[in-house]
Amino acid sequence: MAELELSGVSKTYGAFNALKDVSLEIADGEFAVFVGPSGCGKSTLLRLIAGLDPVSEGQIAIGGKDVTSRQAGQRPIAMVFQNYALYPHMSVYDNIAFPLQMERRPKDEIRAEVAKAAQIVQLSTRLQDKPSKLSGGQRQRVAIARAIVRKPGIFLMDEPLSNLDAALRMEMRSELTQLHRRLGSTMVYVTHDQLEAMTMADRIVVLNGGKVEQVGPPMELYHNPANLFVAGFIGSPPMNFLAGTVRSAEGATVSVEAARIGVVTLPFSGEHLSAGDSVTLGIRPEALELGAGRQVQFSVVPEAVERLGLHTIVHAGEEGRPFTALFNGDPKLRAGEAINVSVDGASVKVFDADGILRSR
Ligand code: ATP
């Protein structure tokens, strides 16, 4: 059974449609990540699930029960915010205990639950400290412990790591995925950071302009992005796009003439493309190899070479269009000196004029 079910959920602010007809099922125990650019509606969707804002249309069910008209306090959820929302004058213990104290639970029970939650987030030795004595990561762990003691059906997290520095964010990413494994709870997590989505999610929900663009496991979105938006959003550095025209489309292959790479024959889904159609070809930077070892071969002139140790990123944009290649290690490349690169035909994605993926 789906732990969370959204059916035809829309949200309008005056004349503005912040969310348009969102339908979605999140399974019990799943780690779902809502990702998309600023303003795409991901926080709004989380707030509707939490009951902090009413839906304009549609239904929300949690654990099989319709909660659409229930207030936030009556929903089996706990929310963790970007700014931690801790009480500065209270100790860590009291911050964690707060939801249970509000419910007037017996003191012994509260003590046991706080101890358990503090142990899970590794703050057992800091219970008497005030939040001001803790690091950002530790404060966020207090907020998570406060959510844990409520034993919610669903944890809702709105950009919980965005106030942390890069190193701490990386550490907390793996802490949160371990926490999810330990608790086995359903988690819905909002971020604008595709790396967080890729590394943490069981399933990613990509939102854009208030609509769901694609839902799927990280690697499915990476290998088979449904459209140009998802293709450009998932993956870093982003996928390269080349404008092209279909020369012929027969059976399971399409022949395309495109900028930079000339005429290439590529596998495709067998429908929806015919001679003369405009298409966009997508090539991931990391799918490119140095040399002519693969089917599709062309040359690029690096305008900048970034050495990252493990990888080297080559920037070779033309006519204002970015183009990057990512190679393993530290090959001897220099800006201004042309290099031959190649890629498998099967790794070149074909998108039709509406931006829909038509590759196999
Ligand atoms: P960000 O990553 O910047 O937080 P987001 O994807 O979470 O972006 P939302 O906060 O969900 O975006 O906002 C979606 C859209 O709805 C935005 O265009 C925003 O301006 C608008 N919006 C959100 N809340 C309100 C409100 N209370 N009144 C009017 N418009 C709103």
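All values derive from a computational prediction rather than experimental measurement.

Within the protein, the secondary structure is distributed over 8 helices and 21 strands. Taking the principal axes of its C-alpha atoms as reference, the protein extends roughly 75 × 45 × 35 Å. Long-range contacts, defined as pairs at least 24 residues apart, comprise 65% of the intrachain contacts of the protein with a sequence gap of at least 6.

The domain architecture assigned to the protein consists of domain 1 (2–233) and domain 2 (240–351). One C-alpha centre belongs to domain 1, the other to domain 2, and the line joining them spans 38 Å.

Let's shift gears to the UniProt feature "domain: ABC transporter" (unreviewed entry) in the protein. In the UniProt entry, the feature "domain: ABC transporter" (unreviewed entry) is given for residues 4–234. Its end C-alpha atoms 24 Å apart, residues 4–234 is made of 36% helix and 27% strand.

Here the focus is the site of the ligand. In the vicinity of the ligand, the residues found are Tyr13, Phe16, Ala18, Gly36, Ser38, Gly39, Cys40, Gly41, Lys42, Ser43, Thr44 and His192. Of all the elements in the fold, those that place two or more residues in the shell around the ligand are β2 (16–27) and α1 (42–50). In terms of residue class, the shell around the ligand is made up of 4 nonpolar, 7 polar and 1 charged.

With 13 residues, helix α4 (residues 136–148) should cover 18 Å at 1.5 Å per step; its first-to-last C-alpha distance of 18 Å lies within 8% of that length. Along α4, 10 of the 13 residues are buried, which leaves the element largely enclosed by surrounding structure. Looking only at α4, the buried set comprises Arg139, Gln140, Arg141, Val142, Ala143, Ile144, Ala145, Arg146, Ala147 and Ile148. The inward-facing, buried residues of α4 contact β6 (77–80), α2 (92–102), α3 (107–120), β7 (154–158) and α5 (166–183).

Let's shift gears to unusual backbone geometry. Put simply, Ser236 and Pro237 share a cis peptide bond, and its omega is -5°. Residue placement: Pro237 occurs in the loop between α8 (228–233) and β11 (240–250). At Arg260, a position not held by glycine, the phi torsion is positive, near 75°. Tracing the backbone shows Arg260 in the loop between β12 (253–258) and β13 (262–267). Residue Glu319 is not a glycine yet carries a positive backbone phi of 50°.

Quick look at the packing of α2 against α3 now. Look at α2 against α3: their axes get within 10 Å of each other, and the N-to-C directions meet at 130°. Relative to α3, the element α2 is oriented oblique. As α2 packs across α3, the resulting crossing turns out to be right-handed. Contact residues: α2 offers Tyr93, Ile96, Ala97, Leu100 and Gln101, while α3 offers Ile110, Glu113, Val114, Ala117 and Ala118. In terms of residue class, the contact of α2 with α3 is made up of 8 nonpolar, 1 polar and 1 charged.

Cut-offs applied
Residues numbered from 1 in each chain as written. Predicted model: local features only at pLDDT ≥ 70, side-chain atom pairs only at ≥ 80, totals over all residues. Helix = DSSP H or I, 4+ residues; strand = E, 2+ residues; numbered from the N terminus. Contact = placed C-beta atoms within 7 Å. Domains from an automatic or database assignment. UniProt positions renumbered as here; feature names shortened; annotations may be inferred. Near = placed C-beta within 6 Å. Nonpolar A, V, L, I, M, F, W, Y, C, P; charged D, E, K, R; others polar. Expected span 1.5 Å × (residues − 1). Buried ≥ 20, exposed ≤ 12 C-beta atoms within 10 Å, placed from the backbone. Axes fitted to C-alpha atoms, helices over the stretch in contact; angles between N-to-C directions. Parallel < 35°, antiparallel > 145°, perpendicular 65-115°, else oblique. Left-handed = near helix turned anticlockwise from the far one by under 90°.

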